[in-house]
Amino acid sequence: MAEGGSVDMNTSETLLGSGKALAVVCEAAELEDDVMARLEEAEELPAFIDGLREGGLHEQAIAFLAQALPPRQAVGWAWVCAREVHGEAAPAEVEACLEATRGWIQDPADDLRRAVFEAADAAGMDTPAGSAALAAFFSGDSLAPPESEPVPPPEELVGRTVAGSVHIAAAWGEPEDVMARYEDFLRRGLEFAERVNLWQTTEGEAQEPAAR
């Protein structure tokens, strides 16, 4: 935090509890100029998120949170939203996709990550379940087949896919319920943030990131 109690955006070495630099998170989230101004004026990061929510800027709040969380928790957030909107009577391919992603969240082994991609393809990557699974796949060290030369994914790809998944889930169902779903999903995302002490900012040398 900067002097006077506001969030310090003057250095890229303000680290969140996930081990991610605040400035890097903001760049990856592609925050708009007026949102950046809100951040610089905020006394605490939770208050910044609350201000975006109260101002109807749910998409920007989701983009920030999706980039700020560690990959595994970010995917967990997307999965919770997908599980809720698909309900208990989802098609078999969607259920299989949700189960595959849940398995990876519990045990993020590389073979499970690759299996999740196949499940996402079967469920449809434009569904909440499929997009959450795709975010899990993007969390790995390489997008290429195991026998090929590694192709590392861009650092911001998991967060952007998670944000997209949350948006898809919010738009799933009756249009008049969209804002209520945004409110609910942001609350759930903030619960993940609390679990990893995301708002415990530090200065200086990079710390070990929270568990993926």
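The structure under discussion appears in the preceding block.
Presented here is a report on the structure given in the accompanying data block. Given the structure is predicted, the values throughout are model-derived calculations rather than measurements.

### Some points on the packing of aromatic side chains
Right, on to step 1. Considering all chains together, one arrives at three aromatic pairs under this definition.
Right, on to step 2. When the ring of Phe117 is compared with that of Phe137, the centres are 4.6 Å apart and the planes differ by 45°; the resulting orientation is tilted. A residue pair is termed long-range when its members are at least 10 positions apart, and Phe117 in helix α7 (residues 110-123) and Phe137 in helix α8 (residues 128-137) qualify at 20 residues.
Right, on to step 3. Classification of Phe117 by relative accessible area gives partly exposed; the value is 31%.
Right, on to step 4. Residue classification places Phe137 among the buried positions, given a relative accessible area of 7%.
Right, on to step 5. Arranged with centres 6.0 Å apart and planes meeting at 50°, the rings of Phe137 and Phe138 form a pair that is tilted.
Right, on to step 6. For Phe138, a relative accessible area of 15% gives the class buried.
Right, on to step 7. The rings of Phe117, Phe137 and Phe138 are connected pair by pair, giving a single aromatic cluster.
Right, on to step 8. A cation over a ring is seen here: Arg195 above Phe192, with NZ or CZ 4.5 Å from the ring centre.

### Describing the pattern of salt bridges
Right, on to step 1. Applying the stated criterion across every chain, the model contains 13 salt bridges.
Right, on to step 2. The closest approach of N and O atoms between Glu183 and Arg53, which form a salt bridge, is 3.3 Å. Remark: Arg53 occurs in helix α3 (residues 45-54) and Glu183 occurs in helix α10 (residues 178-195); sequence separation between them is 130 residues.
Right, on to step 3. Taking relative accessible area as the criterion, Arg53 reaches 26% and is therefore assigned partly exposed.

### Comments concerning the environment of Glu155
Right, on to step 1. One can find Glu155 in the loop between α8 and α9 (157-171).
Right, on to step 2. For the pair Glu155 and Ser139, spaced 16 residues apart in sequence, the C-alpha separation works out to 8.7 Å.

### Side note on a negative patch on the surface
Right, on to step 1. Taken together, Glu32, Asp33, Asp34 and Glu59 make up a surface patch of like negative charges.
Right, on to step 2. Here Glu59 lies in helix α4 (residues 58-68).

### Let's talk about the environment of Leu143
Right, on to step 1. Structurally, the position occupied by Leu143 is in the loop between α8 and α9.
Right, on to step 2. The exposure class assigned to Leu143 is partly exposed, which follows from its relative accessible area of 30%.
Right, on to step 3. In this structure, the C-alpha to C-alpha distance between Leu143 and Ala120, residues 23 residues apart in sequence, is 14 Å.
Right, on to step 4. Non-local contacts of Leu143, meaning those with residues more than four positions away in its chain, are made with Phe137, Phe138, Val151 and Pro153.

Scoring rules and cut-offs
Residues numbered from 1 in each chain as written. Predicted model: local features only at pLDDT ≥ 70, side-chain atom pairs only at ≥ 80, totals over all residues. Heavy atoms only, no water. Phe/Tyr/Trp six-rings, centres within 6.5 Å; stacked < 30°, edge-to-face > 60°. Helix = DSSP H or I, 4+ residues; strand = E, 2+ residues; numbered from the N terminus. Buried < 20%, exposed > 50% of the residue type's maximum accessible area, 1.4 Å probe, protein only. Lys NZ or Arg CZ within 6 Å of the ring centre and 35° of its normal. Salt bridge = Lys/Arg side-chain N within 4 Å of Asp/Glu carboxyl O. Patch = residues over 30% accessible without salt bridge, like charges linked within 9 Å, V, L, I, M, F, W, Y side chains within 5 Å. Areas by Shrake-Rupley, 256 points an atom, 1.4 Å probe, with all protein chains shown as cover. Lys, Arg positive; Asp, Glu negative; His and termini not counted. Charge placed at Lys NZ, Arg CZ, Asp CG, Glu CD. Contact = heavy atoms within 4.5 Å.

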